[in-house]
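Reading the structure
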Amino acid sequence: MPVVAIVGRPNVGKSTLVNRIIGRREAIVEERPGVTRDRKEVEAEWNGRAFTLVDTGGWLARGSELDEKVSRQSEQAIASADAILLVVDATTGATEDDDRVARILRGATAPVLVVANKVDGESREHLVWDLLRLGLGDPHPVSALHGRGTGDLLDAVVDALPDEVDDAPGDGPGTDGPPVADADGAVAVAIVGRPNVGKSTLFNRLIGEERAVVHDLAGTTRDSVDTVVETDAGPLRFVDTAGMRRRARTSEGAEYYSLVRALQSVDTADVALLVIDATEGITHQDQRLAERVDAAGCPVVLLLNKWERLDAEARKHVTDDVARRLAFVGEAPVLKISALTGKGVDRLLPTLAGTISQYRRRVPTRRVNEVIGAAQAAQPAPHGARVLYATQGATDPPTFTLFTNKDLAPTYLRYLERTLRDAFDLHQTAVKIRVRRRS
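Residues numbered from 1 in each chain as written. Predicted model: local features only at pLDDT ≥ 70, side-chain atom pairs only at ≥ 80, totals over all residues. Heavy atoms only, no water.

The next subject is the overall build of the chain. Summing up its helical and strand segments, the chain has 11 helices and 15 strands in all. Of all 439 residues assigned to the chain, the portion counted as buried reaches 51%. Sequence-distant contacts in the chain: of pairs separated by 6 or more residues, those separated by 24 or more amount to 69%. For the chain, the exposed surface amounts to about 20700 Å²; the carbon and sulfur share of it is 48%. (Helix = DSSP H or I, 4+ residues; strand = E, 2+ residues; numbered from the N terminus. Buried < 20%, exposed > 50% of the residue type's maximum accessible area, 1.4 Å probe, protein only. Contact = heavy atoms within 4.5 Å. Areas by Shrake-Rupley, 256 points an atom, 1.4 Å probe, with all protein chains shown as cover.)

Another point: the pattern of salt bridges. Where charged atoms of side chains with opposite charge meet at close range, the side chains can pair. Applying the stated rule across the entire model yields 19 salt bridges. Among the salt bridges present, the one from Arg-360 reaches Asp-396, with a minimum N-O distance of 3.5 Å. Of the two residues, Arg-360 is situated in the loop between helix H9 (348-359) and helix H10 (365-378) and Asp-396 in the loop between strand E13 (387-394) and strand E14 (399-404); the sequence distance between them amounts to 36 residues. Arg-367 is paired through a salt bridge with Glu-370; the nearest N and O atoms lie 3.0 Å apart. Taken together, the positions of Arg-367 and Glu-370, both in helix H10 and 3 residues apart, correspond to about one turn of that helix. The exposure class of Arg-367 is partly exposed, given its relative accessible area of 30%. Residue Glu-370 is classed as partly exposed on the basis of its relative accessible area, which comes to 39%. (Salt bridge = Lys/Arg side-chain N within 4 Å of Asp/Glu carboxyl O.)

Here we take up the environment of Asp-82. With respect to the helices, strands and loops of the structure, Asp-82 is situated in the loop between helix H2 (65-80) and strand E4 (83-89). Sequence separation between Asp-82 and Pro-111 is 29 residues, and the spatial gap between their C-alpha atoms is 7.3 Å. In contact with Asp-82, other than residues within four places in its own chain, are Pro-2, Val-3, Ala-110, Pro-111, Leu-161 and Pro-162.

Let us look at the pairing of strand E11 (residues 300-305). Residues in a regular strand point their side chains to alternate faces of the sheet. Counting buried residues along E11, 6 of its 6 residues qualify, which places the element largely inside the surrounding structure. Where strand E10 (residues 271-277) and E11 come together, 6 bridges link them in parallel fashion. Looking at E11, one finds that Leu-274 is bridged to Leu-302. In this region the chain leaves E10, passes through helix H7 (residues 284-296) and returns to the parallel neighbour E11; the handedness of that crossover is right-handed. Relative to strand E12 (residues 334-336), E11 runs parallel, the two sharing 3 bridges. (Pairing = 2+ DSSP bridges. Right-handed = clockwise from strand over helix to strand, strands pointing away.)

Take the packing of H10 against helix H11 (residues 410-424) next. As a packed pair, H10 and H11 sit with axes 10 Å apart at the nearest point and diverge in direction by 130°. The angle between H10 and H11 places the two elements in the oblique class. Here H10 runs over H11; the crossing is right-handed. Here Arg-367, Val-368, Val-371, Ile-372, Ala-375, Gln-376 and Ala-378 of H10 lie close against H11, whose contacting residues are Tyr-412, Tyr-415, Leu-416, Thr-419, Leu-420, Ala-423 and Phe-424. Per-class residue counts for the contact of H10 with H11 are 11 nonpolar, 2 polar and 1 charged. (Axes fitted to C-alpha atoms, helices over the stretch in contact; angles between N-to-C directions. Parallel < 35°, antiparallel > 145°, perpendicular 65-115°, else oblique. Left-handed = near helix turned anticlockwise from the far one by under 90°. Nonpolar A, V, L, I, M, F, W, Y, C, P; charged D, E, K, R; others polar.)

A few words on the nonpolar core. Membership of the largest hydrophobic core comes to 24 residues, with the highest contact counts inside it found for Val-7, Ile-84, Leu-86, Leu-105, Leu-131, Leu-134 and Leu-136. Elements supplying a minimum of two residues to this core: strand E1 (3-7), H2, E4, helix H3 (96-105) and strand E5 (112-117). (Core = buried A, V, L, I, M, F, W, Y, C linked by side-chain atoms within 4.5 Å.)

This is the structure:
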């Protein structure tokens, strides 16, 4: 799909415009500058024409090291766009930073539309003519907050996009291959963890470009950012999430919504990569996050990041700590990596392929009953309880339904679950057991 980049200096309403165009609150919005930092892509549609909308952080000519990285994200979005929307606050007029952004855009190959935002009524429409001095054509007066003028703006956007190209027959996705999770055929892989453990560094390394802003400041990532990558295991949608910490330490506003988006990403993921700072060991918050991921029902891969900074004694301590404090995640793969240098990251994709395969494994009913029957013969259930029939009712994760004559003791259910895991090689994924008692 064609790409439409929304750019401009901080706090002019870019994210509000994104939410207005797509009709839902996708981008985090707050009444202060600097909330958006990474490039966030969402799908949009107007009058039957679909396109990708790219929300960017505020562009600044000068600022901190973090501001410079955010500005580079905007410049990368400009370079790859098919159309560009320069959002300007009409109530303040064109500032020096607006002039600097316009100077960059005058050299862009893609068409540029100036969006005069915060024109909430006719009394403000005269303010837009001050923006003609940007040298980018007639401004489009809109109110992103109230929706005024956005329809006319979208008409102009669609007219500015390149002509559609019909897909050749046979170019669409085929029917062969593994099952898929998303409409685009990608398996969702959420990268989660506490703030400043290296999630965005790992995300950028996996996708091969700097999509997420990386900085030593904890909490740099505010929203979930995702990119689809073609791999030998099929298309994977890597989702970089904001660092998660206890709600008691999460303030209202952008940080709160960052936490909400991160939890949503976990709930909709097929696999979660839990990134842990190996130099700090397994913290209580790491345990809580692992519990949250485990409760979501998706497989988890534990990544001990910054491994290269540990000596032999510290490595043994962390390894023992994982076995002791994260035992409840079962036999989840544990990889020792350095997201910064790339060491050990090459083992991640093969591990993901195996985990996804187990997550989507389908077992014939005959084999399920054979395994359950052998388990009951080797160790009968107490009090005369018995599984009469068993079947796998679902995948993602593997879910087995047991029809019984009586209630089964929790310890016996754990015995049957362990037997199913061993028989069908399901050690790296969650397994659900449902019991239906026949009257």
